[in-house]
Each structure stands twice: as C-alpha cells, then as structure tokens.
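Chain by chain, the residues run as shown.
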Amino acid sequence: MPELPEVEVVRQGLARGVVGRTVATVRVTRDRAVRRHGAGAEDFTARLTGRTLVSAERRGKYLWLPLDSGEALVGHLGMSGQLLVVPGAAPLPRHLHVRVGFDDGGRELRFVDQRTFGGLQVVEGGEPVPPLLAHVARDPLDPLFDDEAFVAALRRRRTGVKRALLDQTLVSGIGNIYADEALWRARLHGARPTELLTRPAVRRLLAHARDVLSEAVRQGGTSFDALYVSTEGVSGLFERSLNAYGREGQPCPRCGTPLRRESFMNRSSSSCPRCQPRPRSGR
DNA sequence: AGTGACGCCTGGGAGC
DNA sequence: TGCTCCCAGGCGTCAC
C-alpha cells in the first residue's frame, strides 16, 4: 500500500527515468484509470502528447510531473498503483491501463493498477503545486512543513489521534502502516483524544512519524506483496523494520506483550496493549 | 466548518 | 473442488 515512502521512491524513479523527455504516444486501455480527468481519455491523451516532462514532484501521496505547457500530469497510486519505466518490448502485465511512449524511443512509462483506486489526470498548473492539490497538507518531510502549526492544529481537533494522522488535510503522506508505526514509537493509542494531548506529546509523535517515514524511504518503502514496487519493479525492504503494523499476536519488540488488533475506521490497527494503553473514552 | 460514514475495486485466502 | 464471504484501504462525496 503506497504511502509517502513508497510514493517518494517512485518519484525518484520518475525523476531519473522520464523527466526531460518528450511524450510521443499515449495509449489509455482502461478509461477508469483516467476517470479523474473529467474531459475524458481522448482529451487526456491530447494534452500529454508532444509535451516535455519538466520535473517530478510529490506532496503526501500525490505525484505530479509539470509539463512544458503549464499543465501537469498528476498521479495517485491508490491502493495498488504502479508507475513503471520499462522497455516498450517488455511483456504487458495484467492491469496495464496507460502507456506513455517518448520521442527518443527509450523506455516507456506504464501505469499498472490492480484495484484501480489510483489514476492519472492532466490538470492546470504544476508549480509550485497544482490547484487541484491545494487541499493536501504539506508532509513531514517537506522543508516548509510548519511543526508548531501542526501541533496547534492537531490539538484543536476533536477526534482520535490516529484519525488525525490519517487526515491528509492536516498532515499528508501517512497511511495505516506508518500511522500504526508512529503511534507505537510514541507509545500512544490511536483512540487518544487529540484535544487532550500535550504539546510535547504531539511534538514527539511528529518526530517519530518523520523518523519512520524517512527510514522507510531509505529502505525503498514497504512491500507486502507485488503490489508496491519502484519504477524499476523492485520491492522495498522496510517490512522487516515494522514494529506494530500487521504483527498482531506477535510480541511487542519493546516489552514482549503480544500485540493486539482492533477494528477501527473500517480498517485494522495493531498496537501494544501495555505500551499503548487504550484511553478510558476514545475515538 | 468540522466530523465521520460510505462506496469504489480486485485478488487472495479462509471457511464450508 | 468450487462456491461465497471477508479483507486489504486511500480518498472523494455526502449527510449531519
């Protein structure tokens, strides 16, 4: 499941593999993959063809490639999306939805997505950020992320701290995996009410989130299965560094207590019953 | 305005 | 063996 680290690894691959190149051909073989492009697949193709990709940017889990037209190719990987840079003659995988060829005849860009929660679209504006993505907060690895504004905003919320971490308008890039990991490191239960957390506690949580995200980037992200891979098709290695996510029933690496699993927000959370006690009343 | 529930998707695995 | 059900979950939309 691509979250910030996985998306960042893909962004780096796009920067190496497609930036500076000019689009020659676009083939959309599944309209759903470009459903966010309101004007349709033909318009998507027309706006991309002949354009040069200027750079590769990311905010949270969104990627975008500014074009020399002033527009930008925006991508989101959803649950299972892949952006691959491969030779055009490479075998065509199942769930291949979009192919972008370049005028230099080199490797092509492919969008592959099993569950099609992700997608591509061409939108106006790319620098510094497309207006479409204005609602997405900066992420903790963004040099302009405002720590104290985040601490204040989180404490103004009246919700559980895990919900807050997953709210992309408050802080972006964190999904279920890294939320569980950051909470484990901070020894906080996800249902702890945000308005009752002290400023130092929120600062510690943010520092842990930042740490786990950057460590995961260095490990190439987390790959549970073949659904997440880099643009080169390589799996990430961070799974072996997970302390909480997906480890229910196994001993807490800190205290040895078996980790618990709870259903929460229609998703599963795992945490340590001893290190992360459940609040008396929580969300 | 802030908060939270819902639906979109597919494949793999469990259970019968 | 083959069927059904459940689960993974990011995010836009909508109701309150």
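The structure presented is a predicted model; accordingly, all values stated were derived computationally and were not measured.

*Asks:* What is the right way to read the state of the cysteines from this model?
*Replies:* What we call a disulfide is simply a covalent bond connecting the sulfur atoms of a pair of cysteines. The tally for this structure, following the rule as stated, stands at zero disulfides. For C252, which is in no disulfide, the shortest distance to another cysteine sulfur is to C272 and amounts to 3.8 Å. Judged by relative accessible area, which is 3%, C252 ranks as buried. Here C255 is not cross-linked by a disulfide; its sulfur's nearest cysteine counterpart is in C272, at 3.6 Å. A relative accessible area of 27% places C255 in the partly exposed class.

*Asks:* Whenever I open this one, the protein's contact with DNA strand B confuses me. Can you help?
*Replies:* Around DNA strand B, the surrounding shell holds 13 residues, and the nearest of these are R32, F117, R157, R158 and T159. Protein-proximal atoms of DNA strand B, defined as those within 4 Å of the protein, fall in sugar or phosphate at a share of 76%. Within the contact set of DNA strand B, a phosphate oxygen lies 2.9 Å away from a side-chain nitrogen or oxygen of R94. Within the side chain of H95, an N or O atom sits 3.0 Å from a phosphate oxygen of DNA strand B. Considering only residue class, the surface near DNA strand B consists of one nonpolar, four polar and eight charged.

Conventions we followed
Residues numbered from 1 in each chain as written. Chains lettered and ligands numbered in written order. Predicted model: local features only at pLDDT ≥ 70, side-chain atom pairs only at ≥ 80, totals over all residues. Heavy atoms only, no water. Disulfide = S-S within 2.5 Å. Buried < 20%, exposed > 50% of the residue type's maximum accessible area, 1.4 Å probe, protein only. Near = heavy atom within 4 Å. Polar contact = N/O pair within 3.5 Å; in protein donor to acceptor, adjacent residues only side chain to side chain. Nonpolar A, V, L, I, M, F, W, Y, C, P; charged D, E, K, R; others polar.

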